[in-house]
Amino acid sequence: MLKKKIIFLLGPTAIGKSAIAIKLAKKIKAEIISCDSMQVYRGMDILTSKVDSAQRKKIRHHLLDVIAPSQEYNVAKYRRDALLICNELFLKGKIPFFVGGTGLYYSIIIDGLFPKVSKDRSIRAKLNKALQLKGSRYLYKKLARVDAQAAKKIHPHDSRRIIRALEVYLKTGKPISVLQKSRVGLGDEYEINIFGLNLNRELLYKKIDQRVDKMFKLGLVNEVKRLVKYRLSKTAAQAIGIRELGGYFNGEYALEEARRLIQRNSRHYAKRQCSWFKNDKRIMWININKTQTSAQIALKLWKKLS
RNA sequence: GCCGAGAUAGCUCAGUGGUAGAGCGCGGCCCUGAAAAGGCCGGCGUGGGGGGUCCGAUUCCCUCUCUCGGCA
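Sequence order as written defines residue numbering, which begins from 1 separately in each chain. Think of it this way: whatever chain is written first is A, whatever ligand is written first is 1, and the rest follow in order. A pLDDT threshold of at least 70 governs which residues receive local features in this predicted model, and a stricter bar of 80 or more applies before side-chain atom pairs are shown or counted, although totals over entire chains, interfaces and linings include all residues. Remark: hydrogens and water are excluded; side-chain values derive from all non-hydrogen atoms of the structure.

Asker: Could you clarify how one ought to interpret helix α4 (residues 103-111) in this entry?
Answerer: Residues lying three or four places apart along an α-helix face the same way, a consequence of the helix completing one turn every 3.6 residues. A 1.4 Å probe rolled over the protein chains alone gives each residue an accessible area, and that area as a share of the maximum for its type sets the label: buried under 20%, exposed over 50%, partly exposed in between. Helix and strand assignments follow DSSP, with helices taken as H or I runs no shorter than four residues and strands as E runs no shorter than two, numbered in order from the N terminus. Among the 9 residues in α4, 7 count as buried, and that is most of the element. Among the residues making up α4, those that are buried are G103, Y105, Y106, S107, I108, I109 and I110. Contacts from the buried residues of α4 go to β1 (4-10), β2 (30-35), α3 (75-92), β4 (95-100), β5 (190-198) and α13 (255-278). Whether two residues are in contact is decided by their heavy atoms, any of which lying within 4.5 Å being enough.

Encoded structure:
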């Protein structure tokens, strides 16, 4: 029996994924599932460069605007939501087409998430308090005693991962390093095609800077002003642009400085994305050069699929 | 033309008679319930050119070039 097909299109921010994805989706009866940790929030349109409604009419997009920015969202919720949509699409005879740049999210879809150890507010509160009082080294030593393997992988300064590992241990009595081995991915069941878009670093940075300029022209400042009037969830508040414009709103620096910071932080982010994708050997790479249109690139991808 | 200040990393600059640092920038990497987050690593340099003093000069002296400011 023929395996069902799932497609991924990955790449750093501003490289042009969305336009290419829509063109490809039209050729193959696919619907797009956003693979982006920030585009799930309503009201963060300019900030996250979401595709507009005209484009969404061409091809249905999922997991955009699914929660309020006051709500928290995370990998586990994403996985649950995305897999649900995947199944719906299969029933409709459509191909699920994941498009985005959040490395953790796509890998969780493909490779799975170890089960059922959700975040625990009270345990985290305690651990965070210990972190403040005694520092990350104290927690790190604690972790090393119960889960040497995890400790080996985590840097002593990486307090977030130390806390999560301890949280899992305290909740289940099992080391996270053991649980992590029990992930169930999509691997064997489906035919998975992963495409990655690649662009020379200098050009990518230029595109990022230009995109940020465009965001300002489209009204980024007002959008963020509107957003921060309400309390943003911890996760939504992480979007690049919130903190940077916050400093401007507080009078810490001029608007131009906020722009500079947004551009720089976006470049750093893109670099981290590249580094994440680089060593996934399953990715089929497509090099972009500036003369190609998104239609041409979509055609190239389409040929590789058939 | 004269006077003064300066010329050190991609940028802004610090410092020292024993071949150099800081911030920013940049590069590399890690990643399993906060991931646009968080963490780690890396100085990336013919110290403006030439000459002199000295065991030794980026540091002291001379000279040239250039830049900036002031006076003409």
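Asker: Looking at this structure, how should I read the pairing of β5?
Answerer: Along a regular strand, successive side chains alternate from one face of the sheet to the other. The pairing criterion for strands is at least two bridges between them, as found by DSSP. Across 7 bridges, β1 lies against β5 in parallel orientation. Residue pairing across strands places I7 opposite N193, the latter belonging to β5. Pairing of β5 with strand β6 (residues 284-287), which is carried by 4 bridges, proceeds in the parallel orientation. Bridging from a neighbouring strand, L197 pairs with I286 of β6.

Asker: Would you explain the packing of helix α12 (residues 242-249) against α13 in this entry?
Answerer: For any two helices packed against each other, one specifies the crossing angle of their axes together with the interaxial distance. Contact pair α12 / α13: the axes reach a minimum separation of 9 Å and the direction vectors enclose 165°. For the element pair α12 / α13, the angle class is roughly antiparallel. Two packed elements cross with a definite hand, and for α12 against α13 that hand is right-handed. Residues E244, L245 and Y248 of α12 form the contact with α13, whose participating residues are L255, A258, L261, I262 and N265. Basically, the charged four are Asp, Glu, Lys and Arg, the nonpolar ten are Ala, Val, Leu, Ile, Met, Phe, Trp, Tyr, Cys and Pro, and anything else, Gly included, counts as polar. Within the contact of α12 with α13, the residues separate by chemical class into 6 nonpolar, 1 polar and 1 charged. To obtain an axis, a line is fitted to C-alpha atoms, over the contacting stretch when the element is a helix, and the angle between two such axes runs from 0 to 180 degrees between their N-to-C directions. Note that the term roughly parallel is reserved for angles under 35 degrees, roughly antiparallel for angles over 145, roughly perpendicular for angles of 65 to 115, and oblique for everything else. For any pair of crossing helices, the crossing counts as left-handed if the nearer helix is rotated counterclockwise from the farther one by less than a right angle, and right-handed if it is rotated clockwise.

Asker: How should the nonpolar core be read in this particular structure?
Answerer: The nonpolar side chains of soluble globular proteins are, as a tendency, buried together. Only buried residues count toward a nonpolar core, which is a set of Ala, Val, Leu, Ile, Met, Phe, Trp, Tyr and Cys residues joined through side-chain atoms within 4.5 Å. Counting residues in each nonpolar core, the largest one holds 46 residues, and the members touching the most others are F8, I33, Y78, F98 and L220. If one sorts the elements of this core by residue count, α3 sits on top with 7 residues. Setting aside residues no more than four positions away along its own chain, Y78 makes contact with I33, S34, C35, L63, Y73, F98, Y105 and I109. With 31 residues, the next largest nonpolar core counts I28, A30, L197 and C274 among its residues.

Asker: Honestly, the sheet that holds β1 in this entry has me stumped. Any pointers?
Answerer: Backbone-to-backbone hydrogen bonds join strands into a sheet, with any given pair of strands oriented parallel or antiparallel. With respect to topology, 6 strands assemble into an open sheet ordered β3-β2-β4-β1-β5-β6, the strand pairing being parallel. Each having just a single partner strand, β3 (61-62) and β6 make up the two edges of the open sheet. Alignment of β1 against β4, held across 4 bridges, turns out to be parallel. The residue bridging I7 from the neighbouring strand is F97, located in β4. In the packing of helix α1 (residues 17-28) onto the sheet, contacts are made with β1, β2, β3, β4 and β5, and the angle to β4 comes to roughly 170°. Helix-sheet contacts for helix α14 (residues 294-305) involve β1, β5 and β6, and the interaxial angle to β6 is about 155°.

Asker: What exactly am I supposed to notice about the side chain of T13 here?
Answerer: One can find T13 in the loop between β1 and α1. In this structure T13 comes out as buried when scored by relative accessible area, which is 17%.

Asker: Teacher, can you tell me more about the packing of aromatic side chains here?
Answerer: Centre-to-centre distance and the angle between the planes together describe a pair of aromatic rings. Pairing of aromatic rings covers Phe, Tyr and Trp, the last counted by its six-membered ring, and requires centre-to-centre distances within 6.5 Å; plane angles under 30 degrees mean stacked, over 60 mean edge-to-face, and any other angle means tilted. One pass over the structure, following the stated rule, counts 6 aromatic pairs. Where F8 meets F98, the ring centres are 4.7 Å apart and the plane angle is 10°; that geometry is what we call stacked. Of this pair, F8 sits in strand β1 while F98 sits in strand β4; the two residues are 90 residues apart in sequence, bridging distant segments of the chain. The same class applies to F8 as to F98, namely buried. Aromatic side chains Y78 and Y105 sit 4.6 Å apart centroid to centroid with 20° between the ring planes, which places their arrangement in the stacked category.

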